[in-house]
Structure formats: C-alpha cells, structure tokens
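# Examining the three-dimensional arrangement
Given next are the chains, with one letter for each unit.
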Amino acid sequence: MVIEETGLPHGVMEGKGAYNRHAAIPARGAALATPFLEQAVRKVALDPVDQPVVIADYGSSQGKNSLAPMQIAIRNLRERTGPSRPIFVFHVDQPSNDFNSLCGVLSSDPDRYAVNGAPVFPCLVGRSFYEQVLPRGSVHLGWSSFAAQWLHRVPSLVPDHFFPLFSTGAARAAFERQAAEDWKAFLSLRAYEMRPGARLVIVMPTLPDGGISGFAELMNHANAVLREMADEGAITGEERARMVLGVYARRKEELLAPFASDGEFEGLAVEACDLSELPDRDWADYQSDRDKEALATKHALFIRAVFMPSLASALSRAQDGDGEAQRSFADRLEDGLVRRLIIHPTGADMFVHTIVLAKAG
Ligand SMILES: C[S@@+](CC[C@H](N)C(=O)[O-])C[C@H]1O[C@@H](n2cnc3c(N)ncnc32)[C@H](O)[C@@H]1O
C-alpha cells in the first residue's frame, strides 16, 4: 500500500531549537563513533594543492549535535593541512528543517567550530539527501549521525502501531524493501559526491542480531498514549491510523548487503562496521535519584522533539496549515507520555552501528 504524500515534513525535527535542547541521546550515540571519525580523517586522501577541504554533514538538523564531530574532524585535519588551508563544512538537511536555529548555533554557540578568523566556512544546504546535494567528486569527508535511518518515503501503514519495528507480514516486507532501496540510493549519491580517497562515516540506531532495543518499549508507551488520544477524541481514528514513522533500524547484514557480492559498492569499500551499546544514561541517573518525573520528562521531550512533527503530519487540520493543531497535539502527547512514564518508568537502552566507507582512488 502506498501512503498518500501530505506535503508536510516527514522526518523533520521539532522546530524553534527544540531538537537541540532535547537530543542528548543521539549526541551520546554519535560520541561512540569518535575513534572511527578520527581514524577516517587521518586516512582521507588530501591532494598537495591548497584547495579547500570539503566536509559534508548529512542530516545536521539544528546543529548542536554536529559541533563536537565537526570540531574533531577539523582538529584532526589541521594536523595534516596546517592552519591556513580553507575548510568548507556543508550542513545538509531537508528544506523544512529549522535552519534558523542551525545558523544561530553556528554563529554563536560557545562550542562552535568556526572561531577566531580561522579559514573554516560553514554552509547550509536545504535539500533531501535522497538527491545529489553537492558537486560530483567534491567531498573529502562525509559524516552522518542518526539521520540515514529516516526513509525516503513511508511505504506502508502499520496496523495498531506507528513504529515500523512492530509491523508484520506485508507491511514489514514493504519497510524492508524500502530500507534496502534507500540505503543503496543514499550510498550511491554519496559515492558520486565523494572525491577519490574520501571517507564517509555514518552512525545510525540499529538492532542487534536476533534482538530488539530497549527503546522499543518507549515506543509502545507512546503508542498507548496515541490510542488514549483517539479514544478521548483528541485525534480521530483515521488520523491515528495514518500516523506511521518512516524510520527503519537496519541490522548489520542489511547495512553490508550492498557490499556482499564483491566487497565494493559504487566504488565504496567498508573499512569498519561497529556495533556498540548505547546505555540510557537517564535510566542510570534514575537508578540513583529515583526521580520518576525527571526520567519521564526527559524521555517525553526527546520523543516529542524527534517524532512529533512526523506524527502530526497525519492530522487533517495540520495538513490544512493549522499550526495550532500541531501545537495542541504536541502538548497532549507530551503530557500523556509524562503521566504514563511516571507510572511505568522505562529505560531506553539502544544500539548504534558506525560504518566507515572509503572511496576508491
Ligand atoms: C534525529 S536528527 C539527527 C540530527 C543530528 N545529526 C544528530 O546526530 O543529532 C535526523 C535529521 O535527519 C534529517 N533528515 C531526515 N531525512 C532526511 C532527508 N531525506 N534529507 C536530509 N535530511 C534528512 C531530519 O530532517 C533531521 O534533521
């Protein structure tokens, strides 16, 4: 079944800087990839001429979580280039991303990477990474964190749930097909944009072989809140049924599938594919402070910031351009989640994969 396109954002984070304020979990996930990023930067082929070095950050959102990896990349590049070679950093996200917050972070966050007149130039690209976003053969180093799990389109509804992990049968097969197709499309486009000898580091939430992550339990609670909202008339049954996230956590064999036949795909070879656990630090805090409300609030605000705009795109009034409809939906969802998670304190341990790809050259 093909889902009707609404024209509303799919996969975009909550605006006005909300994602920046509540996205500690992806920041911790991306931090697990630091050693891989450092090693990748050391291996990037740099030609001897003094041309700019190009870094691309695919799916940067509002930018706060890009600062640490970009700092690491620039610091390691500087050891090789010296202080004067220009560096471009292209932050790529969908046109409806909150680019105002991103600009604010890049110009005035205390941790910003372009400071003191050093020749580092941040640039913004408002285009889907399922299209070509930079010129052929231009990128030295690509980085993408917690973004490539968002699919190009939602291929199916998920009966009685909004999270594709809980799909079965034909719906499940549709998500698997879409995820395989999108992964190859994402890799082909990046391969086209990369220079010979470039490196691409991608960090994504994943699932361990044969298991699921603790995060799934949190999604079940969110699903129960949506059901409650439908029962009390805050949303209609049709709206609830249309709410499906276009996300898919690929397992290791799915990530490596394009490389399976001869070890290469579109000139890219796998240098590393690492599975790491991402324990829920908020849960660890709760184990010592027993503060149910603090735990519930952090998780509810994270779910709101990441998933609310995609869920709200199923609301008929939001499709008609009613911004207030989205706000009241978001507030009710957050409120219901906090109440529910106080009653059922839930940990959200996750797993992440870091994959490092080298472009032949
Ligand atoms: C969870 S945020 C990750 C942000 C940041 N990289 C981090 O690590 O916290 C996912 C980002 O991917 C972006 N995204 C999803 N699909 C995209 C697409 N097709 N093209 C560009 N960006 C996309 C979303 O708009 C969102 O800003």
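Up top is the structure these notes are about.
Quick summary incoming for the structure in this document. Every chain is numbered independently, its residues counted from 1 as its sequence is written. A pLDDT threshold of at least 70 governs which residues receive local features in this predicted model, and a stricter bar of 80 or more applies before side-chain atom pairs are shown or counted, although totals over entire chains, interfaces and linings include all residues. The side-chain figures draw on all heavy atoms in the structure; neither hydrogens nor water molecules are used.

## As for the site of the ligand
- Here a residue is near a molecule or strand as soon as one of its heavy atoms is found within 4 Å of it. The full set close to the ligand counts 18 residues, and Tyr19, Gly59, Asp93, Phe129 and Ser145 are the nearest of them.
- Within the contact set of the ligand, a nitrogen atom lies 2.8 Å away from a backbone nitrogen or oxygen of Phe129.
- What qualifies as a polar contact is a pair of N or O atoms within 3.5 Å, subject to a donor-acceptor requirement within protein and to the restriction that residues adjacent in sequence count only when both atoms come from side chains. A distance of 2.8 Å separates an oxygen atom of the ligand from a polar side-chain atom of Ser145.
- The Shrake-Rupley method, run with a 1.4 Å probe, gives the accessible areas here. Residue values count only the displayed protein chains as cover. If the ligand stood free it would expose 590 Å²; the protein chains cover 98% of that surface.
- Classifying every residue of the shell around the ligand gives 9 nonpolar, 8 polar and 1 charged. For this classification, the nonpolar set comprises Ala, Val, Leu, Ile, Met, Phe, Trp, Tyr, Cys and Pro, the charged set comprises Asp, Glu, Lys and Arg, and every other residue, Gly included, is treated as polar.

## Structural notes on the sheet that holds strand β7 (residues 268-278)
- Pairing within the open sheet is mixed, and its 8 strands lie in the order β3-β2-β1-β4-β5-β8-β7-β6. Single-partner strands in this sheet number two, and they are β3 (120-126) and β6 (264-265).
- Two elements, strand β1 (residues 53-58) and strand β2 (residues 87-93), share 6 bridges in a ladder whose sense is parallel. Across the sheet, Ile55 pairs through a bridge with Val89, a residue of β2.
- It only takes one pair of heavy atoms within 4.5 Å for two residues to be counted as in contact. Only C-alpha atoms enter the line fits that serve as axes; for helices the fit covers just the stretch in contact. Angles between N-to-C directions range over 0 to 180 degrees. Each helix is a run of DSSP H or I of at least 4 residues and each strand a run of E of at least 2, with the numbering of both proceeding from the N terminus. Running over the sheet, helix α4 (residues 64-81) touches β1, β2, β3 and β4 (139-145) and is turned about 165° from β1.
- Here helix α6 (residues 169-193) sits on the sheet and contacts β1, β4, β5 (194-206), β6, β7 and β8 (350-359); the angle it forms with β5, its principal contact strand, is near 150°. Strand pairing requires that DSSP identify at least two bridges connecting the strands.

## Describing the packing of aromatic side chains
- For Phe, Tyr and Trp, where Trp contributes only its six-membered ring, two rings pair if their centres lie within 6.5 Å, and the inter-plane angle classes them as stacked under 30 degrees, edge-to-face over 60, or tilted in between. Scanning the entire structure with this criterion turns up 14 aromatic pairs.
- Residues Trp150 and Phe307 carry aromatic rings whose centres are separated by 6.1 Å and whose planes lie at 45° to one another, so their mutual orientation is tilted. With Trp150 in the loop between β4 and α6 and Phe307 in helix α11 (residues 292-312), this residue pair connects regions lying 157 residues apart in the sequence. For the residue pair Trp150 and Phe307, the accessibility class agrees, reading buried in each case.
- Their ring planes at 75° and their centres at 6.2 Å tell us that Phe259 and Phe265 sit as a pair that is edge-to-face. Like Phe265, Phe259 is buried.
- An aromatic cluster is present here, built from Trp150, Phe162, Phe163, Phe166, Phe215, Phe302 and Phe307 joined pairwise through their rings.
- Comment: the charge-over-ring label is applied if NZ (Lys) or CZ (Arg) is within 6 Å of the ring centre and within 35 degrees of the ring normal. Between Arg190 and the ring centre of Tyr58, over which it is positioned, the NZ or CZ distance is 4.4 Å. A 1.4 Å probe rolled over the protein chains alone gives each residue an accessible area, and that area as a share of the maximum for its type sets the label: buried under 20%, exposed over 50%, partly exposed in between.

## Quick word on the nonpolar core
- We call a set of buried Ala, Val, Leu, Ile, Met, Phe, Trp, Tyr and Cys residues a nonpolar core when their side-chain atoms join them within 4.5 Å. In terms of nonpolar packing, the biggest core is built from 70 residues, with Ile55, Phe215, Phe307, Leu311 and Phe329 touching the most fellow members.
- In terms of residue count, α11 provides more of this core than any other element does, 9 residues in total.
- Judged by nonpolar contacts, the second largest core, of 30 residues, contains Val92, Ala198, Leu200 and Leu268.

## Let's talk about helix α5 (residues 99-108)
- Looking at α5, one finds that the buried residues are Phe99, Ser101, Leu102, Val105 and Leu106. One side of α5 holds all its buried residues, which, seen down the axis, span an arc of 155°. More than 90 degrees from the buried face of α5, the exposed residues found are Asn100, Ser107 and Ser108. Picture the helix axis, draw a direction to every C-beta atom, and the arc is the one those directions span.

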